[in-house]
Protein chains: 2
Amino acid sequence: MAKDRKIDLVILGLLFHEDLTGYDIKKRIDGGISFFWKGSFGSIYPALADMEKSGYVEKRGVQTKGRREKILYHITDKGIDALKEWLNVEQAANDLKYETMLKLYFGGAQDKGTALKNIRYFEDQVKSDLAVLRVYQENLKKVMDQKDHIYYYLTVTFGIDTYEAYLKWCGRAKKILGGMEE
Amino acid sequence: MAKDRKIDLVILGLLFHEDLTGYDIKKRIDGGISFFWKGSFGSIYPALADMEKSGYVEKRGVQTKGRREKILYHITDKGIDALKEWLNVEQAANDLKYETMLKLYFGGAQDKGTALKNIRYFEDQVKSDLAVLRVYQENLKKVMDQKDHIYYYLTVTFGIDTYEAYLKWCGRAKKILGGMEE
DNA sequence: CCGCAGATATATCGTTTTGATATATCTATT
DNA sequence: AATAGATATATCAAAACGATATATCTGCGG
């Protein structure tokens, strides 16, 4: 792989299953993988253009039924090799940025109520995200026997497990802060 | 706050407790808050220069004992206001990027062994990070009565809780993948 | 006491990513 | 027929990363 862009691997991974437009790719990223990865048009389109030039993907059926242009991308053998190479490298950067924790850490600069408010906001966020994941999980149980779905199932389970741990922590944090004299 | 830079708030939050050099700030970020926030020199130094110009921080005691320059930064009232304003806003972006989950999600492109290898690598990472956090927690228990430490304690607890959830998931994921026919 | 490795300290640069915006077409609804 | 919302591509300024350059200070072994 020439460049050191993570978005390239995300795109290749998605294209491995099916041909997609840039817009489709964005939808996939905002869908079932959004709780562990993000990506914007500003990185997707340039990456597609670059990878097309260097032969990792190719344009397929620039469909112009009617008038509107729509560019479907297809992964090449070179692209598949790059994807597999990345999967084989025993290394992974897991970058977490919890603004909630940052605010809590600096909590001493404000009153206890502010800290509690931020924890409650976090709790609400987590609860709604968790509800979405549980729906994914229910839908998956019906097709669990299909070979490829096991990997999707594992990531969804990961999300649910961590979100449940967050909620438990929220409960305890509220108790500790609540039972603390100002 | 003029610009929309998160690093500004991190710096202000750290400077609220004590005057620091850019290098000190980097050390603090790499220390007890590294598991929920990151920051590089490439963002710290430009942010300090900007914030000094706009009056959020000021240079203190450009110590030149001997010869070597060392710039200590001090938070101003304007800086404290900006920090408190941020803490009061009921909003927080928690951005998670787990390359491990990404690889697992695309696992269908490779064999089961590769997926297992990546889970084991993740497990090792988590175990060593968890050990560090437990040491932090032990040290904190001794000073838990001190008012400001409660916030630090809560963030450390959050890290431990989530890492423990990760480990439980790793165990189950290995079982599920292990008991799966290729 | 000299050498030298490693920590301290500031700073910059190219690359990647974000988040917002612009533009235009297609589709379903009222 | 109007129009709101989804589809689709693309670009740009701003933010952050990660690597590198430079230089000094400190402690340790030979």
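Our focus in this paragraph is the pattern of salt bridges. Opposite charge on two side chains lets them pair, provided their charged atoms get close. Counted by the stated rule, this structure contains 22 salt bridges over all chains. Lys6(A) serves as the salt-bridge partner of Glu99(B), at 3.0 Å between the closest nitrogen and oxygen. Placement of Glu99(B) in helix 5 (residues 99-105) and of Lys6(A) in helix 1 (residues 6-17) is noted, with the two residues assigned to different chains. Given the relative accessible area of 3%, Glu99(B) is considered buried. Measuring nitrogen to oxygen at the nearest pair gives 3.2 Å for the salt bridge that ties Lys26(A) to Asp30(A). Linking Lys26(A) with Asp30(A), this pair stays in helix 2 (residues 22-30), spanning 4 residues, or about one helical turn. The class for Lys26(A) is buried, based on a relative accessible area of 17%. The network of salt bridges with common partners includes Lys3(A), Arg5(A), Asp8(A) and Asp50(A).

All names here are of chain A. Here chain A is partitioned into domain 1 (6-88) and domain 2 (99-176). For domain 1 and domain 2, the distance between their C-alpha centroids amounts to 29 Å. In this assembly, 5 residues from domain 1 lie in contact with 8 residues from domain 2. Per-residue buried area on domain 1 facing domain 2 is highest for Gly32, Phe35 and Phe36; these three make up 82% of the total on that side. For the pair domain 1 and domain 2, the interface holds 0 residue pairs in polar contact (both at pLDDT 80 or more). The residue inventory of the side of domain 1 that touches domain 2, partitioned by class, reads 2 nonpolar, 3 polar and no charged.

Further remarks concern the packing of helix 1 (residues 6-17) of chain B against helix 4 (residues 77-88) of chain B. Residue and element names in this part refer to chain B. One can describe the packing of helix 1 onto helix 4 by two numbers: an axis separation of 10 Å at closest approach and a directional angle of 115°. Relative to helix 4, the element helix 1 is oriented roughly perpendicular. Considering the relative orientation of helix 1 and helix 4, their crossing is left-handed. Where helix 1 approaches helix 4, its residues Leu9, Leu12, Gly13 and Phe16 are matched on the opposing element by Gly79, Ile80, Ala82, Leu83 and Trp86. Partitioned by chemical class, the residues of the contact of helix 1 with helix 4 number 7 nonpolar, 2 polar and no charged.

So, on to helix 3 (residues 41-53) of chain B. Residue and element names in this part refer to chain B. Compared with the 18 Å implied by 1.5 Å per residue over 13 residues, the 18 Å span of helix 3 between its first and last C-alpha is a close match. Those residues of helix 3 lying buried are Ile44, Ala47, Leu48 and Met51. All buried residues of helix 3 lie within an arc of 105° about the axis, which places them on one face of the element. Among the exposed residues of helix 3, those oriented more than 90 degrees off its buried face are Gly42 and Lys53. A positive phi of about 85° marks Gly55, the residue just after helix 3.

Parameters at a glance
Residues numbered from 1 in each chain as written. Chains lettered and ligands numbered in written order. Predicted model: local features only at pLDDT ≥ 70, side-chain atom pairs only at ≥ 80, totals over all residues. Heavy atoms only, no water. Salt bridge = Lys/Arg side-chain N within 4 Å of Asp/Glu carboxyl O. Helix = DSSP H or I, 4+ residues; strand = E, 2+ residues; numbered from the N terminus. Buried < 20%, exposed > 50% of the residue type's maximum accessible area, 1.4 Å probe, protein only. Domains from an automatic or database assignment. Contact = heavy atoms within 4.5 Å. Buried area = accessible area lost by both parts, 1.4 Å probe. Polar contact = N/O pair within 3.5 Å; in protein donor to acceptor, adjacent residues only side chain to side chain. Nonpolar A, V, L, I, M, F, W, Y, C, P; charged D, E, K, R; others polar. Axes fitted to C-alpha atoms, helices over the stretch in contact; angles between N-to-C directions. Parallel < 35°, antiparallel > 145°, perpendicular 65-115°, else oblique. Left-handed = near helix turned anticlockwise from the far one by under 90°. Expected span 1.5 Å × (residues − 1). Arc of directions from axis to C-beta.

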